[in-house]
Amino acid sequence: MTAAAPAPDARTTAGALLPLVGGAANVTSVAHCMTRLRLGLLDRTLVQDEALRAHPAVLGVVEDDTTYQIVLGPGTVARVTPEFEALLLQARGAAIKAAQKDRNSTPGKVLLRRIADIFVPLIPALIGCGIIAGINGLLLNLHWLPALTPALAAVASGFMALIAVFVGLNTAKEFGGTPILGGAVAAIVVYPGVAKVEVFGQQLSPGQGGVLGALAAAVLAVHVEKWCRRHVPEALDVLVTPTLTVLVAGLVTVYGLMFVAGGVSTAIGTAADWLLTHAGAIAGFVLGGLFLPLVMLGLHQALIPIHTTLIEQQGHTVLLPMLAMAGAGQVGAAAAVYVRLRHRTDLRRTIRSALPAGLLGVGEPLIYGVSLPLGRPFVTACVGGAFGGGFVGLFHMLGAPVGSTAIGPSGWALFPLLDGGGGLSATTVAVYAGGLLTGYVAGFAATYLFGIGRPLLSPPPAP
């Protein structure tokens, strides 16, 4: 007697069914009853009926005027439907992102993405070192483990002391040069010996220009290297090209780029401090409200070098906590959708699965699965982010600034990285928590009152 083949798991079954019904773009609605997966389809001709009926998990197919019903049996349908919805959400999110990428492929935005590709690989080290710095600051404030704190300070600060080198490596790699040559030129920025060099009547200081100087130095090195590859005879290339690359790009870095980039870096820090000290509430409102659209357009990538520059200069970036309020508005908006659209079981299931990630600062599932497809809740989520950002900015004006020692995390995941200028404190935590709460409440209220139109409130006709 031949043993029966094992039944495929729910995710495998869902993955097999989705292309057979025409793919994610062909599915308009998903629901299930006791035994059937009920699908709304745009084009019935795209369904591969024979292959679908032949699938071992499919017991039959029923069609009516409104839905295409796949009979899976009791129990099985309850397990397959959430997996089917998850795959549908994933596919649609990828399609939305791909469409956005195609629409945003202008030279300026391509440049921004390349800059992001330089700095994003550095984020794990920034997070790890930032958390260690926060722990060390807490130990110092409590006067605990005095023999350990110098070692923790070294562990936390070593990466930041050499971040320019890593930026140089990544920049050269991204722009098509030899990474180690980009790192070699960028290392000049942090070399202590530059203190003996005088430029325009001023002594240089190690680190002057920071990551911006390192980025510019590495880009220049790539151009010099490519010129050498084209013009230097192959027999001499191994000696001449690296020598000229480091020499030319290095001298220009010392006598020009460090000075100019140093001025730009200082201006960024000064401008951020002035803006938040004198107009923090307005700045926070604007930053928190516009961050989600900036993410959708890919323009948020321009902020990464600014964050990194502020962290390098001041030990933290005061912009990130305000920008993180956009996620709080998103969570509040999703909660309002969940409360008001009780008849949309598919949407409520998506919100339940995506909300924990949203609270931890991972907003893509809520953006692409809830607010963006619905339209108006995306706008009201921005309103929530604006009020949360305004709250944090207001307290900066009142002398309680909130910064982050690293970029990347947001939401609740940002708490271990908070720094108010003197390390993690109760005031810093309270202000940031107050901003999150404000974003949640404002996003919920704006969405509940204005973000859901009458067509969404009307339940679909019974099948």
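It should be noted that the structure appears before, not after, this text.
Here is what the cut-offs are and how they apply
Residues numbered from 1 in each chain as written. Predicted model: local features only at pLDDT ≥ 70, side-chain atom pairs only at ≥ 80, totals over all residues. Heavy atoms only, no water. Patch = residues over 30% accessible without salt bridge, like charges linked within 9 Å, V, L, I, M, F, W, Y side chains within 5 Å. Areas by Shrake-Rupley, 256 points an atom, 1.4 Å probe, with all protein chains shown as cover. Salt bridge = Lys/Arg side-chain N within 4 Å of Asp/Glu carboxyl O. Helix = DSSP H or I, 4+ residues; strand = E, 2+ residues; numbered from the N terminus. Axes fitted to C-alpha atoms, helices over the stretch in contact; angles between N-to-C directions. Parallel < 35°, antiparallel > 145°, perpendicular 65-115°, else oblique. Contact = heavy atoms within 4.5 Å. Nonpolar A, V, L, I, M, F, W, Y, C, P; charged D, E, K, R; others polar. Phe/Tyr/Trp six-rings, centres within 6.5 Å; stacked < 30°, edge-to-face > 60°. Buried < 20%, exposed > 50% of the residue type's maximum accessible area, 1.4 Å probe, protein only. Lys NZ or Arg CZ within 6 Å of the ring centre and 35° of its normal. Pairing = 2+ DSSP bridges. Core = buried A, V, L, I, M, F, W, Y, C linked by side-chain atoms within 4.5 Å. 1 Å grid on protein atoms, 1.4 Å probe; cavity = no way out; pocket = protein on both sides within 12 Å on 5 of 7 lines; lining within 4 Å. Points joined across faces, edges and corners; volume = space filled by probe spheres on them.

1. Things to note about a nonpolar patch on the surface
Consideration 1: A grouping of Ile-282, Phe-285, Val-286, Leu-290, Val-379, Val-383 and Phe-387 is seen on the molecular surface, where their side chains present a nonpolar patch of about 620 Å² in accessible area.
Consideration 2: Those elements giving two or more residues to the nonpolar patch turn out to be α10 (234-297) and α16 (376-397).

2. Concerning the packing of helix α9 (residues 210-231) against helix α11 (residues 303-314)
Consideration 1: Running from amino to carboxyl end, α9 crosses α11 at an angle of 130°, the nearest separation of the two axes being 7 Å. In terms of axis orientation, α9 runs oblique to α11. Between α9 and α11, the residues in contact are Gly-210, Val-211 and Leu-212 and Pro-305, Thr-308, Thr-309 and Glu-312, respectively.
Consideration 2: Among the residues making up the contact of α9 with α11, the classes are represented as 3 nonpolar, 3 polar and 1 charged.

3. Thoughts on the packing of aromatic side chains
Within a pair of aromatic rings, the relevant descriptors are the distance that separates the centres and the angle that separates the planes.
Consideration 1: By the definition in use, this model includes 6 aromatic pairs.
Consideration 2: Look at Phe-159 and Phe-166: their rings are 5.3 Å apart centre to centre, the planes differ by 35°, and that puts the pair in the tilted class.
Consideration 3: A relative accessible area of 34% places Phe-166 in the partly exposed class.
Consideration 4: A centroid spacing of 5.4 Å and a plane angle of 80° characterise the contact between Phe-285 and Phe-387, whose relative ring orientation is edge-to-face. Taken together, the positions of Phe-285 in helix α10 and Phe-387 in helix α16 put the pair 102 residues apart, joining distant regions of the chain.
Consideration 5: Here Arg-114 stacks its cationic end above the ring of Phe-175, 4.4 Å away from the centre of that ring.

4. A short note on the pairing of strand β2 (residues 36-41)
Consideration 1: Of all the 6 residues making up β2, 5 are buried; the element is thus mostly covered by neighbouring parts of the structure.
Consideration 2: Alignment of strand β1 (residues 27-32) against β2, held across 5 bridges, turns out to be antiparallel. Its bridge partner being in β2, Ala-31 is matched across the sheet by Arg-38.
Consideration 3: The pairing of β2 with strand β4 (residues 68-71) spans 4 bridges and is antiparallel. Note on β4: the bridge partner recorded for Arg-38 is Gln-69.

5. Things to note about the pairing of strand β3 (residues 60-63)
Consideration 1: Of the strand pairs in this sheet, β3 and β4 are connected by 4 bridges, and their pairing is antiparallel. Bridging across to β4, Glu-63 finds its partner in Tyr-68.
Consideration 2: Counted along the chain from β3 to the antiparallel partner β4, the turn is 4 residues long.

6. A closer look at the nonpolar core
Across soluble globular proteins, nonpolar side chains show a tendency to be buried alongside one another.
Consideration 1: Phe-119, Val-167, Val-337 and Tyr-432 are the most contacted members of the largest nonpolar core, which has 60 residues in total.
Consideration 2: The leading source of residues in this core is α9, at 6 residues.
Consideration 3: Beyond its immediate stretch of four places on either side in the chain, Val-337 contacts Leu-347, Ile-351, Val-370, Leu-374, Pro-377, Thr-447 and Ile-452.
Consideration 4: Membership of the second largest hydrophobic core comes to 24 residues, among which are Ala-10, Leu-18, Val-21 and Leu-88.

7. A short note on empty space enclosed by the protein
Consideration 1: Counted under the stated rule, the structure contains 1 cavity of 30 Å³ or more.
Consideration 2: Empty space within the largest cavity amounts to approximately 40 Å³.
Consideration 3: Lining the largest cavity are Ala-324, Gly-327, Ala-328, Val-331, Gly-358, Leu-359, Gly-361, Ser-410, Gly-411, Leu-436 and Tyr-440.
Consideration 4: Among the secondary structure elements, those contributing two or more residues to the lining of the largest cavity are α13 (325-340), α14 (345-359) and α17 (426-450).
Consideration 5: It is α13 that contributes the most residues to the lining of the largest cavity, 3 residues altogether.
Consideration 6: Considering only residue class, the lining of the largest cavity consists of 6 nonpolar, 5 polar and no charged.

8. As for the pattern of salt bridges
Consideration 1: Counted according to the given criterion, the structure contains 7 salt bridges.
Consideration 2: For Arg-114, the salt bridge goes to Glu-174, with nearest N and O atoms at 3.6 Å. In this pair, Arg-114 is assigned in helix α4 (residues 107-119) and Glu-174 in helix α7 (residues 163-174), connecting sequence segments 60 residues apart.
Consideration 3: Sharing partners across several salt bridges, the network here consists of Glu-225, Arg-229 and Asp-237.

Any functional reading would require information beyond the geometric quantities listed.
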